[in-house]
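Given next are the chains, with one letter for each unit.
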Amino acid sequence: MTANWAAIAAAEPELAKTAEERFGAFTHHVLATLRKDGSPRTCGIEVRFLAGELWLGMMPDSLKVLDLRRDPRFCLQANPGEGTGTGGGDVRIAGRAVEVTDGEAMAAYVKEVEPPQPFHLFRTELTEVVRTYVEDDTWLVAQVWKPGEPVRTLKRT
């Protein structure tokens with residue numbers, strides 16, 4: 001089961017808002033994809049939350065584009081920032097990336113974002129959103145959301 005960003009924003013608005021704030025705090029984040037041999041690859045990426053979707057824009061024929069065309073599974077981690085504070089927690093999003101080739105959708109994205117041309121655009125189908133943070137300097141808290149399920153909160157010392 002997958003969902004777009006609008007689904008999590010409707011189902012779990014606080015978690016969605018926190019995730020958007022974490023990704024909005026910095027420009028560059030880390031995208032994990034799978035290489036042809038199945039081993040992981042990490043790359044820097046810029047992301048956008050627009051029109052109920054989480055978008056991934058990429059340079060032409062980059063390795064991450066080739067990886068996602070071959071196997072659309074990805075994991076995206078918000079830039080944790082400087083030092084060890086992680087301001088608001090660590091946020092990771094997993095799912096599948098679907099390449100956008102529709103001219104109308106591409107034009108709308110270009111109008112809003114003004115990316116360098118040419119570029120590849122992917123929308124995301126989410127399978128999981130996880131926020132991990134420290135509470136009261138005592139608890140490590142993980143909030144886990146999956147489509148069709150409420151957020152599960154796990155705490156440990």
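In case you missed it, the structure is sitting above this.
The notes below deal with the structure included here.

Calculation criteria
Residues numbered from 1 in each chain as written. Predicted model: local features only at pLDDT ≥ 70, side-chain atom pairs only at ≥ 80, totals over all residues. Heavy atoms only, no water. Pairing = 2+ DSSP bridges. Helix = DSSP H or I, 4+ residues; strand = E, 2+ residues; numbered from the N terminus. Buried < 20%, exposed > 50% of the residue type's maximum accessible area, 1.4 Å probe, protein only. Polar contact = N/O pair within 3.5 Å; in protein donor to acceptor, adjacent residues only side chain to side chain.

The next point concerns the pairing of strand β9 (residues 152–156). One ladder, built from five bridges, connects strand β8 (residues 139–145) with β9; its direction is antiparallel. Looking at the pairing, Val 141 lines up with Lys 155 of β9. Between β8 and the antiparallel strand that follows it, β9, lie six residues; Gly 148 among them carries a positive phi value of about 80 degrees.

Let's shift gears to the side chain of Asp 71. You can see Asp 71 is positioned in the loop between α3 (63–70) and β5 (73–77). Exposure remark for Asp 71: the relative accessible area of 18% places this residue in the buried category. A polar atom in the side chain of Asp 71 sits 2.7 Å from the side chain of Arg 73.

Following Gln 117, the chain continues into Pro 118 via a peptide bond in cis, with omega recorded as -15 degrees. Following the sequence through the fold, Pro 118 ends up in the loop between α4 (103–113) and β7 (120–135). Non-glycine residue Ala 51 carries a positive phi angle of around 50 degrees. Looking at the element boundaries, Ala 51 is found in the loop between β3 (47–50) and β4 (53–58). Within the chain, Asp 136 stands out as a residue other than glycine whose phi angle is a positive 55 degrees. Looking at where Asp 136 falls in the secondary structure, it is placed in the loop between β7 and β8.

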